[in-house]
Amino acid sequence: GLGIDVALDDNRPRRLASSATLITLGSLVPAAEELRSGEHWLFAAPISASALVPQNAAGTRAAVAVRFSIGDAAPSSADRGTVWLHEPEGTYNGPNGAHVPFEAIAFSAAGAALPSPCAVRLSGKHDGELDFPGPFSVAELESGDYEVTASAAGSASRRTITVNAELGMPK
């Protein structure tokens, strides 16, 4: 495959070579931010040649999640899982905005990937919500900022993406 994607909370994933054995938590937060005290979720998954998380024999995505706390904060006693919004991430310029990928994975409180689909909501110049069991792509988004929210079983993950359809196109 293409390596292993690792992400912390709602932050963008970082792709590591499959031979990598170490990554610092601080490298998983945006450069202008610091790793804060409190409860966090760490996600990891192998990435197939299609740039998506492969499905395992049980029909769930081959991904794991770990809940942990930093500092004096005690781990939450809530028996609630989480959602990892794997795709989309960042900025999509020119032809990259022609098919924006969407992939969200629901996890149990123990960190196991669940087969249940996530509802994915897109808000911006185009609005809509889909509830698919697997990844999908949205074609030809207009330029602009979009908020993407993935939710399942009382948990949600959100991220803002930007589409610049006019960049990189012939003049």
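Above this text you will find the structure in question.
Residues numbered from 1 in each chain as written. Predicted model: local features only at pLDDT ≥ 70, side-chain atom pairs only at ≥ 80, totals over all residues. Heavy atoms only, no water.

J.: Describe the overall build of the protein, naming the residues involved and giving the relevant values.
T.: Counting secondary structure elements, the protein contains 0 helices and 12 strands. In the protein, the order of α-helices and β-strands from amino to carboxyl end is β-β-β-β-β-β-β-β-β-β-β-β. The globule rule puts the C-alpha radius of gyration for 171 residues at 16 Å, and the 16 Å found for the protein is close to it. Counting only C-alpha atoms and orienting by the principal axes, one finds that the protein spans roughly 55 × 35 × 30 Å. Residues counted as buried form 36% of the 171 residues belonging to the protein. A separation threshold of at least 6 residues defines the contact pool for the protein, and within that pool the share at least 24 residues apart is 57%. Once the 12 positive and 19 negative side-chain charges of the protein are each reduced to a mean point, those two points are 2 Å apart. (Helix = DSSP H or I, 4+ residues; strand = E, 2+ residues; numbered from the N terminus. Rg over C-alpha atoms; globule rule 2.2 N^0.38 Å. Buried < 20%, exposed > 50% of the residue type's maximum accessible area, 1.4 Å probe, protein only. Contact = heavy atoms within 4.5 Å. Lys, Arg positive; Asp, Glu negative; His and termini not counted. Charge placed at Lys NZ, Arg CZ, Asp CG, Glu CD.)

J.: Lay out the sheet that holds strand β7 (residues 99-107) in plain terms, naming residues and giving numbers.
T.: As summarised here, the arrangement of the 3 strands in space is β5-β7-β10, forming an open sheet in which the pairing is antiparallel. Taken across any chain shown, the strands that pair with only one partner, and hence form the sheet edges, are β5 (82-87) and β10 (136-139). Strand-to-strand twist across the sheet, computed as the mean angle between neighbouring axes with direction ignored, equals 25°. Where β7 and β10 come together, 4 bridges link them in antiparallel fashion. Across the sheet, residue F102 finds its bridge partner in β10, namely F136. (Pairing = 2+ DSSP bridges. Axes fitted to C-alpha atoms, helices over the stretch in contact; angles between N-to-C directions.)

J.: Describe the pairing of strand β1 (residues 3-8), and please don't skip the residues or the numbers.
T.: Counting buried residues in β1 gives 5 out of 6 residues, a clear majority hidden from the surface. Sheet analysis places β1 next to strand β2 (residues 14-16), joined by 3 bridges and oriented antiparallel. Note on β2: the bridge partner recorded for V6 is R14. Taking the residues that link successive antiparallel strands as the turn, the β1-β2 hairpin has 5 residues, and the phi of D9 there is positive, at about 55°.

J.: Describe the sheet that holds strand β6 (residues 91-93), listing the residues and the values that go with them.
T.: Taken in spatial order, the 5 strands make up an open sheet running β6-β12-β11-β8-β9, and their pairing is mixed. On the outer flanks of this sheet lie β6 and β9 (128-132), each paired with one strand and no other. When the angles between neighbouring strand axes are averaged without regard to direction, this sheet yields 20°. Strand direction decides the pairing type here: strand β8 (residues 118-123) and strand β11 (residues 144-152), joined by 5 bridges, are antiparallel. Bridged to S123 within β11 is E147.

J.: Talk me through the nonpolar core; I want residue IDs and the actual numbers.
T.: It is characteristic of soluble globular proteins that their nonpolar side chains tend to be buried jointly. Core analysis: the largest hydrophobic core is formed by 17 residues, its most contacted members being F102 and V148. Of all the secondary-structure elements, those providing two or more residues to this core are β5, β7, β8, β11 and β12 (155-164). For this core, the element with the highest residue contribution is β11, accounting for 4 residues. With near-sequence residues (within four places) excluded, V148 lies in contact with L85, P88, F102, V120, R121, L122, S157, R158, R159 and I161. Of all hydrophobic cores here, the second largest spans 12 residues; its members include W41, V53, I105 and A113. (Core = buried A, V, L, I, M, F, W, Y, C linked by side-chain atoms within 4.5 Å.)

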